[in-house]
Amino acid sequence: MSDYKMIPCEHYDYLELACLRGYQLKIELIDGTQCQGQAITTQTRADKTEWLIIQEQQTRQSVRLDQIAAITPLDPNAEFARVLIATKQP
């Protein structure tokens, strides 16, 4: 995978809020794929990459933050709507 590029702090705040509230998220990745799951936590790894941990039914999945194009909370009373996180890298 390419070198990690940090996402803007204001976008990180939405991910943290989603984790605090346990929102179900639709996650659009920059490669065009999508996934869905409950936001659990964020994680910084030893190599300084940052990840969103989601729960999809019985499986936890890690999604690298700079690979997320957008998140949309699926909860009806969510405190935010769709948020653009990153754009496709050249």
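The structure reproduced in this document is the subject of the present report. (Residues numbered from 1 in each chain as written. Predicted model: local features only at pLDDT ≥ 70, side-chain atom pairs only at ≥ 80, totals over all residues. Heavy atoms only, no water.)

Quick look at the nonpolar core now. Ranked by internal contacts, the top residues of the largest apolar core, which has 24 residues, are Leu25, Ile27, Leu52, Ile68 and Ile71. Counting residues per element, the ones that place at least two in this core are helix H1 (9-21), strand E1 (24-29), strand E2 (34-44), strand E3 (50-56) and strand E5 (68-73). (Core = buried A, V, L, I, M, F, W, Y, C linked by side-chain atoms within 4.5 Å. Buried < 20%, exposed > 50% of the residue type's maximum accessible area, 1.4 Å probe, protein only. Helix = DSSP H or I, 4+ residues; strand = E, 2+ residues; numbered from the N terminus.)

Moving on, we get to unusual backbone geometry. Peptide bonds are trans in most cases, and residues, glycine excluded, mostly fall at negative phi. Positioned with a positive phi, lysine 48 is a non-glycine residue whose angle comes to about 75°. Mapped onto the fold, lysine 48 is located in the loop between E2 and E3. Residues other than glycine seldom take positive phi values, yet glutamine 57 does so here, at roughly 55°. Tracing the chain through its elements places glutamine 57 in the loop between E3 and strand E4 (59-64). According to the relative accessible area criterion, glutamine 57 is exposed, its value standing at 74%.

Taken in spatial order, the six strands make up an open sheet running E4-E3-E2-E1-E5-E6, and their pairing is antiparallel. What marks the edges here is a single partner per strand, and that holds for E4 and strand E6 (83-84). By the bridge criterion, two bridges tie E5 to E6 in an arrangement that is antiparallel. Paired with isoleucine 71 across the strands is valine 83, a residue of E6. Sheet strands in contact with H1 are E1, E2, E3, E5 and E6, and its direction is about 100° off that of E2. (Pairing = 2+ DSSP bridges. Contact = heavy atoms within 4.5 Å. Axes fitted to C-alpha atoms, helices over the stretch in contact; angles between N-to-C directions.)

The quantities given are spatial measurements derived from coordinates; they are silent on function.
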